Amino acid sequence: FPPELIRNFSIIAHIDHGKSTLADRLLEETGVLTGKNNRSQFLDKLKVEQERGITVKAQTCAMFYTTDDGKTYLLNLIDTPGHVDFNYEVSRSLAACSSVLLLVDSSQGVQAQTLANYYLAIEQDLTIIPIMTKIDQQSSQPDVISAQMEQLLGVENKDILPISAKTGINCDQVIPRIIENGSKPSGLVEAPLKALLFDSWYDEYFGVICMVYVVDGQLKIGQTLISAYTKKAYEILQVGIMHPEQVVTNALFTGQVGYIVCNMRTAAEARVGDTLYRKDQPIDKPLPGFKPAKPMVFAGVFPLDSENDFDKLKDTIEKLCLTDSSVHITRENSGALGMGFRCGFLGLLHMDVFKQRLEQEFGTETIITTPTVVYKVAYADGKEKLVENPNEFPDSFMTRKNGLSANDAVAVYEPIVVATIVCPEKYFLSVINLCNERRGEQKDIVNIDEDRVSIHYIMPLNEIIHDFFDRLKSLTQGYATLDYEESGYQQTEMVKLNVMINKESVDALSFIVPKDQSQFKAREIVEKLRKQISRQMYEVSIQCAVGVKVIASETLKAFRKDVTAKCYGGDITRKRKLLDKQKEGKKKMKQIGSVHIPQEAFLSVFKVD
Ligand code: GTP
C-alpha cells in the first residue's frame with residue numbers, strides 16, 4: 001500500500017457520544033466484524049471497559065475498503081479513550097493519525113471533552129472530519145447542534161455529516177469521507193526507517209507486543225532495530241497488522257500501523273513515544289515522541305490480610321502493570337496496614353479502573369487509602385522535595401526567616417489545574433458556588449449557546465480528586481461535563497493531620513488538608529473512628545493532631561464484651577468455642593499498640609461523604 005492509499009484516523013468524542021458504536025459500524029461496513037465474531041463494541045476489549053461502557057485502553061484495527069473506481073484503501077482505526085484521565089492516551093494515539101472523526105451527539109451538543117479533544121487534534125495538525133451522530137433520537141436538534149459545531153469547532157455546515165450509528169443512517173458515507181477528505185500519511189518511502197512506538201501490551205504467549213506507526217521507510221521480519229531511547233537492539237520476530245486480531249504480514253511500509261514482536265523482555269522496555277530505527281540505517285534524530293505519562297494521584301494499596309496475601313498482591317500488581325505502564329508503583333510499609341504498595345495514577349477514574357481490574361481479573365481484595373496529590377515542599381536550604389505520601393509531609397512549617405536549619409520546611413506548593421465545565425445556564429450559580437467552595441479561582445465564563453455556558457476555573461487538583469465530579473453531576477442533574485488540564489503548582493497552606501490511638505500514631509491515617517479546614521476535618525475523623533472502633537478492655541483515646549498539638553479527641557470507655565455471659569457456668573466446651581470465635585474475629589482487626597481496630601474503621605475514614 002503506497003501512502004496515497006492509506007488513511008490513519010481516530011474517532012474523538014465526549015464520553016458516551018457513541019464512539020464505540022460508530023467504530024463497530026465501520027468494522028461491519030468493511031467486513032471486519034462478521035456474524036462469527038460480531039460482538040458489540042469490539043474495540044472495548046477489557047472486561048472493565050465492557051462493564052462500565054467506557055474505553056480505557058486504546059485499540060487499533062486495520063480495515064480494507066474498495067471504492068467505486070476499484071481502488072483498495074487501507075484504513076487504520078486507532079481507538080482513543082474518552083475520559084479526562086486518559087487524555088494522555090488520546091494524544092499518543094493521535095500521533096499515529098493524519099485525520100480524526102470529531103463526533104458530536106445531536107442532542108447533547110459540544111461538551112467539555114469534545115473541546116479538549118478538538119484542541120488536541122488541532123495541536124497535532126490533523127484533518128478534522130465533523131460528524132453529528134444519534135440523529136435517530138427524538139431529542140435530537142440537528143440545526144442547533146450544527147450551528148454550535150460551526151461556531152465552536154471551526155467547521156463548515158456543509159461538511160458536517162449527520163448519521164445514526166445505531167440505525168445505520170448515512171453510515172455508508174463515513175468511510176468515503178475519510179478517503180476523500182482525510183489526509184494521507186506524509187512520510188518518506190525511501191528514507192531510513194523511523195517507527196514510532198505508540199502503544200504496547202503484554203501477551204502471555206508472545207511477550208511484549210508493540211504497536212508502531214511506520215513514519216518513514218519500511219520494516220521487515222528479521223531486521224535488527226535499535227531503540228533511540230535506550231540504544232538497545234532487538235530482532236523483529238513477527239510483524240503484522242491488527243485485523244482485528246494479529247495477522248502476520250512480515251513487513252510494514254511507510255504510513256502503515258501494525259504490531260511487532262521482538263525480543264523485549266519487559267513492558268518497561270517498550271517505552272511509548274520511542275523511535276525505533278534499523279541498525280544498518282542510522283538516523284540523525286528521533287521523532288518528537290511525547291511527554292511521559294505523569295501520575296497525578298497517589299494512594300496506598302494493601303492486601304486485606306497482610307500476612308498471607310502480600311505475595312499474591314505483588315504478583316497481581318506486577319501483572320497489571322504489564323498492560324498499563326502508566327501506573328507508577330513503589331513499595332510501601334505501613335505500621336498499621338502492613339506491607340503494600342504506593343501507586344500513582346493519572347486520575348481518580350484511572351485509580352478506580354485499576355482497583356476494579358485488580359479485584360476482577362485476579363480476585364484479590366484490597367484496601368486503598370485516601371488518594372493524595374503530589375505536593376512540593378521547599379526547605380530552608382533552597383532544596384525542594386516532591387511528597388506523594390502524607391507520611392513524608394512535614395509536621396510544621398517555619399514562618400520566621402532567621403535561625404533556620406537546612407531541613408526546616410518553609411513552604412508548600414500544590415498542583416493546580418484549569419478546569420473546563422460545560423453546563424446549562426440554570427445550574428450556573430450552583431456550579432460557581434461549588435467551585436468557590438473548593439478553593440477555585442474563576443478565569444472566565446463563555447456562553448456556548450442560548451442556554452449553555454462554558455466555565456473556566458483554576459482549581460487545586462486536590463479538590464477535584466475528592467468527589468468533585470460526583471457533586472457536580474448531582475448539582476446539575478447529570479448535565480454538567482468536566483475536563484481539566486494540569487497547570488503547574490501554586491503556594492498553599494496545608495497541614496498534616498496525624499491520628500493517634502492511645503497516643504500511638506497510625507501512619508495509614510495521616511491526611512493533608514487545607515489549614516483552615518483542619519479543625520473540622522479532625523473532628524470528622526475522630527467521630528468516624530469512635531463509631532467504628534468497638535470498646536476494648538481498657539480506655540482508648542482517639543486523637544487528631546497537627547504536629548504535636550491535639551486539635552480533636554474522643555475517649556472510648558473500657559468495656560469487655562463478655563461473650564460467655566449467657567452460658568451459666570456449666571458447658572466448658574461451648575464457652576471455649578465462643579472464646580475461640582472471639583479470637584477469630586480479632587484476626588480481622590488491625591492491632592495498633594494494644595488496641596484492635598476493625599477494618600471498617602479504616603475504610604470509614606478513607607471514604608469521602
Ligand atoms: P466511551 O467509549 O466511554 O467514550 O463511550 P462511547 O463514546 O464509545 O459511547 P458508546 O458507543 O458506548 O455509546 C453510548 C450510548 O449511546 C450507548 O448506549 C449506545 O447504544 C448509544 N448510541 C450510540 N450511537 C447511537 C445512535 O446513533 N443513536 C442512538 N439512539 N443511540 C446511540
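Residues numbered from 1 in each chain as written. Predicted model: local features only at pLDDT ≥ 70, side-chain atom pairs only at ≥ 80, totals over all residues. Heavy atoms only, no water.

Quick look at empty space enclosed by the protein
Selection rule: Grid points spaced at 1 Å over the protein atoms alone were grouped into cavities, where a 1.4 Å probe fits but cannot get out, and pockets, open sets with protein on both sides within 12 Å along at least five of seven lines, with lining residues defined by an atom within 4 Å of a point. Grid points are joined across faces, edges and corners, and a volume is the space filled by probe spheres set on the points. A run of H or I in DSSP becomes a helix once it reaches four residues, and a run of E becomes a strand once it reaches two; helices and strands are each numbered from the N terminus.
One pass over the full model with this rule turns up four cavities of 30 Å³ or more. Taken as a whole, the largest cavity encloses approximately 120 Å³ of empty space. Taken together, 15 residues make up the lining of the largest cavity; nearest its centre are Arg342, Thr369, Pro390, Ala508 and Ser510. Where the lining of the largest cavity is concerned, the elements lending two or more residues are strand E17 (328–334) and strand E27 (504–514).

Looking at unusual backbone geometry
Rules: Note on exposure labels: buried denotes an accessible area under 20% of the residue type's maximum, exposed denotes more than 50%, and partly exposed covers the range between, all computed with a 1.4 Å probe on protein chains only.
Although it is not a glycine, Asp16 sits at a positive phi angle of roughly 75 degrees. The residue Asp16 is located in the loop between strand E1 (6–13) and helix H1 (19–29) in this model. With relative accessibility at 59%, the residue Asp16 sits in the exposed group.

Brief notes about the pattern of salt bridges
Definition in use: Basic side-chain nitrogens of Lys or Arg form a salt bridge, by our definition, when they fall within 4 Å of a carboxyl oxygen of Asp or Glu.
Under the counting rule described, the total for this entry stands at 18 salt bridges. Among the salt bridges present, the one from Arg25 reaches Glu28, with a minimum N-O distance of 3.8 Å. Placement of both Arg25 and Glu28 in helix H1 is noted, with a separation of three residues, approximately one turn of the helix. The partner of Lys383 in a salt bridge is Asp381, with the nearest N and O atoms 3.8 Å apart. Residues participating in the shared-partner salt-bridge network are Arg523, Glu527, Arg530 and Glu554.

Concerning the packing of helix H9 (residues 428–437) against helix H11 (residues 468–475)
How we decide: Between the N-to-C directions of two axes lies an angle of 0 to 180 degrees, each axis being a line fitted to C-alpha atoms and, for a helix, fitted only over the stretch in contact. Orientation categories follow fixed angle ranges, with anything under 35 degrees roughly parallel, anything over 145 roughly antiparallel, 65 to 115 roughly perpendicular, and all other angles oblique. A crossing counts as left-handed when the near helix is turned anticlockwise from the far one by less than a right angle, and as right-handed when that turn is clockwise. Whether two residues touch is decided by their heavy atoms; if any such pair falls within 4.5 Å, the residues are in contact.
Where H9 contacts H11, the axes come no closer than 10 Å and their chain directions differ by 160 degrees. Looking at the two axes, H9 sits roughly antiparallel to H11. At the point where H9 passes H11, the crossing takes the right-handed sense. Note on element contacts: H11 touches H9 through Phe468, Arg471, Leu472 and Leu475, opposite Ser430, Val431, Leu434, Cys435 and Glu437.

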